[in-house]
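Architecture and fold: a report
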Amino acid sequence: MKLTCRVKVKNALGLHTRPATLIVKILQDCRSNVTFTYKNVTINAKSILSILMLALRKNSTIIIGVEGVDARETMNKLVEGFNSRFGEA
Amino acid sequence: MYLVEDLYKRHGKRLGLEIIAGKSGIRRAIKVPEAHRPGLGLTGYLKSHALKRILIFGKVEIEYLRDLSPPVRLERLDDLLTSKTPAVIIARGYKPPKELVTLCEKKKMPLFLASMITMNLLSKLTMLLHEDFALTITYHGTLVEVFGVGVLITGDSSVGKSEAALGLIERGHRLISDDVVRVKKREGYYLEGSGAELTKHHMEIRGIGIINVANLYGAVCVRDSKSIDIIVKLEQWDDEHIYDRFGLEDRYNDILGVKIPEHILPVKPGRDVVLLLETIALNHRLKGMGYNSAKEFNGKLLEKILGKRQYTRQLKEH
């Protein structure tokens, strides 16, 4: 099962090191393949350097793609993280 | 989309470009990585004229235009500069005819002056455009140069790609990019890998964090880009799986339509991955020099089993 979802980066400083670390932490135990696509570049979301490479600013929109056995659960966790600005003000 | 602006910003200095008219059209799109000397087009013959190419005016074109009467000159240039032409470049710093400047302003088409001679300009421009237009993808993996061989280490997250690369760097090999590699298909059917501007020369090691390899180990341990010669896929050791024990069969992986030899390397405690990677790279070099260890050994074995005469006969038959 492949799920895709469009999300917006809401953090004021963009997707900097701290939220990127949190994403990788969320994905650590997940068994699905997770990708982020931004401006035609698709990266593996389990790798922190790949996420940082995208240098996402506030309000940039990315497409999350999740494929695998725990896709639904993983997607929910990720979307929740993005919406809650990963716990930042 | 690739714009004239991109070309000017990235390569303007290298090509010695100076914009002299049609500045408002700097955001025109370049759709094909081609440049063209109009030559025959200036005589009015525009059948199968390539519309989308950048036009380059050299000595002949300028001289020919000078010989035309002003109304004809205007008419011919007007026909030549279509709505799809991205830009016009005049080589050797020639003074452009007035009509060309006016037309470029009117049509909002950038007109550049270059100091280079026409043939140099044409070849350099084509080369740079091809480079920028080359197919590119980002690949999850780590690219290291081992004994001059570009080794792309792939595998699932946390299988130990970065740790293996770090071990290789420590032994004097070079890192191109960790975790995310930009792969570009180059002319002549080979792949070139490089790192992203922001993250190149950095590594993420679990338990340590992000480190800068160039600062830690020195500039000698990093490289900006390298051709990808082999892929080594690291895998968790699986007792059920039958691994290649002899190396007679070649496996390939297809990236952007280019076939790259691939090795699958199972990882388990006690296996020195760094040493194995070095061996794979060396073996690849040896194969490049025309020596295949597995085939050579197989040959010796058959010679022993069949006897020299029968073996030679068999070789001739196949």
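Whatever comes next refers back to the structure up there.
The written sequence of each chain sets the order in which its residues are numbered from 1. Labels are handed out in written order, letters beginning with A for the chains and numbers beginning with 1 for the ligands. At least 70 in pLDDT is required for a residue's local features to be given in this predicted model, at least 80 for side-chain atom pairs to be given and counted, and no such filter applies to totals for whole chains, interfaces and linings, which use all residues.

Looking at the overall build of chain B
Where helices and strands are cited, they refer to DSSP runs of H or I of at least four residues and of E of at least two residues respectively, numbered from the N terminus. Each helix and strand in chain B was counted, giving 10 helices and 17 strands. Radius of gyration here uses only the C-alpha atoms, and the compact-globule reference equals 2.2 Å multiplied by the residue count raised to the power 0.38. Computed over C-alpha atoms, the radius of gyration of chain B comes to 28 Å, more than 25% over the 20 Å expected from 2.2 N^0.38 for 318 residues, which places it beyond the range of a compact globule. With respect to the principal axes defined by its C-alpha atoms, chain B has extents near 85 × 60 × 30 Å. By the burial criterion, 33% of the 318 residues in chain B qualify as buried. Exposure is read from a count of other C-beta atoms within 10 Å of each residue's own; the residue is exposed at 12 or fewer, buried at 20 or more and partly exposed in between. C-beta atoms are placed from the backbone.

A word on the packing of helix H6 (residues 161-170) of chain B against helix H8 (residues 273-288) of chain B
All names here are of chain B. Contact geometry of H6 with H8 gives a least axis separation of 9 Å together with a crossing angle of 70°. Between H6 and H8, the angle is such that the two are roughly perpendicular. Counted together, Ala164, Gly167 and Leu168 of H6 and Val273, Val274 and Leu277 of H8 form the full contact between these two elements. Note on residue classes: Ala, Val, Leu, Ile, Met, Phe, Trp, Tyr, Cys and Pro are nonpolar, Asp, Glu, Lys and Arg are charged, and everything else, Gly too, is polar. Of the residues that constitute the contact of H6 with H8, the class distribution is five nonpolar, one polar and no charged. Between N-to-C directions, angles span 0 to 180 degrees; the directions come from axes that are lines fitted to C-alpha atoms, helices contributing only their stretch in contact. Note on terminology: angles under 35 degrees are roughly parallel, angles over 145 are roughly antiparallel, angles of 65 to 115 are roughly perpendicular, and the others are oblique. Working definition of a contact: two residues with C-beta atoms, positioned from the backbone, lying within 7 Å.

Digging into the interface of chain A and chain B
Where interface size is given, it is often the accessible area lost as the parts come together that is meant. On the chain B side, the residues contacting the 12 residues of chain A number 11 residues. Where the side of chain A that touches chain B is concerned, the elements lending two or more residues are strand E3 (41-44) and helix H2 (48-53) of chain A. Among the residues making up the side of chain A that touches chain B, the classes are represented as seven nonpolar, four polar and one charged.

Overview of the packing of helix H1 (residues 17-27) of chain A against helix H3 (residues 71-83) of chain A
Residues and elements named next belong to chain A. Two elements in contact, H1 and H3, have axes separated by 10 Å at closest approach and are oriented at 165°. One element, H1, and the other, H3, form an angle in the roughly antiparallel class. Judged by the sense of rotation from one axis to the other, the crossing of H1 with H3 is right-handed. Residues Leu22, Ile23, Ile26 and Leu27 of H1 form the contact with H3, whose participating residues are Thr74, Lys77, Leu78 and Gly81. Among the residues making up the contact of H1 with H3, the classes are represented as five nonpolar, two polar and one charged. Each crossing gets its hand from how the near helix is turned against the far one by less than a right angle, where anticlockwise is left-handed and clockwise is right-handed.

Examining the nonpolar core
Defined on buried residues, the nonpolar core groups Ala, Val, Leu, Ile, Met, Phe, Trp, Tyr and Cys residues joined through C-beta atoms within 7 Å. Counting residues in hydrophobic clusters, the biggest one holds 55 residues, and the most contacted among them are Ile51 of chain A together with Val144, Val151, Ile153, Ala165, Val232 and Leu277 of chain B. Of all hydrophobic cores here, the second largest spans 31 residues; its members include Leu7, Leu65, Leu77 and Leu103 of chain B.

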